[in-house]
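Each chain, letter by letter, is given below.
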Amino acid sequence: KNANSAMLSNYEVFKLLTDLKEQRKDSGKNKHSAGQQNLNTIMYETLKHLSKTPCSRQSPEIVKDFLTTMMPQKLTKAEKLQLLNHRPQTAVEIQLV
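Residues numbered from 1 in each chain as written. Predicted model: local features only at pLDDT ≥ 70, side-chain atom pairs only at ≥ 80, totals over all residues. Heavy atoms only, no water.

**Student:** What should I look at first to understand the overall build of the protein chain in this one?
**Tutor:** The secondary structure content of the protein chain amounts to five helices and zero strands. Secondary structure elements of the protein chain, listed N to C terminal, follow the sequence α-α-α-α-α. Relative to the globule expectation of 13 Å for 97 residues, the C-alpha radius of gyration of the protein chain, 16 Å, shows a markedly less compact shape. Taking contacts inside the protein chain between residues at least 6 apart in sequence as the whole, the part at least 24 apart equals 58%. Of the accessible surface of the protein chain, which amounts to about 7,700 Å², a share of 56% is contributed by carbon and sulfur atoms. (Helix = DSSP H or I, 4+ residues; strand = E, 2+ residues; numbered from the N terminus. Rg over C-alpha atoms; globule rule 2.2 N^0.38 Å. Contact = heavy atoms within 4.5 Å. Areas by Shrake-Rupley, 256 points an atom, 1.4 Å probe, with all protein chains shown as cover.)

Take a look at the structure:
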């Protein structure tokens with residue numbers, strides 16, 4: 001197992017890509033190489049998808065409150081991450097997770 005690997009929430013990915021997009025816009029980076037164009041496409045498609053999910057309305061405080069509330073529950077990190085990312089609203093949605 002890689003010691004540098006970690007599970008990220010959709011919020012963390014969304015925030016990271018949004019910040020990266022702003023930095024690139026401010027620095028005036030152009031898309032010269034094919035690799036750069038591919039990276040831009042991946043960033044665009046990922047941000048487009050994540051902007052339609054609950055993570056676009058989350059904040060560090062919401063994530064912290066959720067994790068604090070979930071501490072007494074006997075769930076794995078992966079299960080908590082799934083609940084945070086999908087934010088089920090009904091009993092049926094929870095059963096599907």
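**Student:** How should I be thinking about helix H4 (residues 77–86) in this particular structure?
**Tutor:** Working note: α-helix, 3.6 residues per turn, so residues spaced by three or four point in the same direction. Three or more residues of H4 are buried, namely Lys80, Leu81, Leu83, Leu84 and Asn85. Buried residues in H4 make contact with helix H1 (10–27) and helix H3 (60–70). Following H4 by one or two positions, arginine 87 adopts a phi angle in the positive range, close to 45 degrees. (Buried < 20%, exposed > 50% of the residue type's maximum accessible area, 1.4 Å probe, protein only.)

**Student:** Where do I start with the nonpolar core in this structure?
**Tutor:** Here is a general trend for soluble globular proteins: nonpolar side chains tend to be buried in one another's company. Of all hydrophobic cores here, the largest spans nine residues; its members are Tyr11, Phe14, Leu17, Met43, Leu47, Leu50, Cys55, Val63 and Leu84. At the level of secondary structure, the elements contributing two or more residues to this core comprise H1 and helix H2 (34–50). Residue contacts for leucine 84: discarding those within four places in its chain leaves Ser9, Gln58, Val63 and Phe66. (Core = buried A, V, L, I, M, F, W, Y, C linked by side-chain atoms within 4.5 Å.)

**Student:** Could you clarify how one ought to interpret the confidence of the model for the protein chain in this entry?
**Tutor:** Should the pLDDT be low somewhere, the predicted coordinates at that spot are not to be read in detail. Across the protein chain, the average pLDDT comes to 88, with 93% of residues at or above 70. Mean pLDDT values for the elements of the protein chain range from 82 in helix H5 (residues 91–96) up to 94 in H3. (pLDDT = per-residue confidence, 0-100.)

**Student:** Can you walk me through the packing of H3 against H4 in this structure?
**Tutor:** Axes are the key here: two packed helices are described by the angle between their axes and the distance separating the axes. Two elements in contact, H3 and H4, have axes whose closest approach is 11 Å; the angle formed by their N-to-C orientations is 135 degrees. With respect to H4, the axis of H3 lies oblique. Regarding H3 and H4, the two cross each other, and that crossing is right-handed. Contact residues: Val63, Phe66 and Met70 in H3; Lys80, Leu83 and Leu84 in H4. Partitioned by chemical class, the residues of the contact of H3 with H4 number five nonpolar, no polar and one charged. (Axes fitted to C-alpha atoms, helices over the stretch in contact; angles between N-to-C directions. Parallel < 35°, antiparallel > 145°, perpendicular 65-115°, else oblique. Left-handed = near helix turned anticlockwise from the far one by under 90°. Nonpolar A, V, L, I, M, F, W, Y, C, P; charged D, E, K, R; others polar.)

**Student:** Looking at this structure, how should I read unusual backbone geometry?
**Tutor:** Most peptide bonds take the trans configuration, and most residues that are not glycine carry a negative phi. Of note in the backbone geometry, arginine 87 takes a positive phi value of approximately 45 degrees without being a glycine. Within the secondary structure, arginine 87 sits in the loop between H4 and H5.

**Student:** Is there a simple way to think about the side chain of lysine 80 in this case?
**Tutor:** Structurally, lysine 80 is set in helix H4. Lacking a salt bridge, the buried lysine 80 has glutamate 79 as its closest oppositely charged neighbour, with an N-O distance of 8.2 Å. Filtering out sequence-adjacent residues up to four positions away, lysine 80 remains in contact with Phe66, Met70, Met71, Gln73 and Leu75. (Lys, Arg positive; Asp, Glu negative; His and termini not counted. Salt bridge = Lys/Arg side-chain N within 4 Å of Asp/Glu carboxyl O.)

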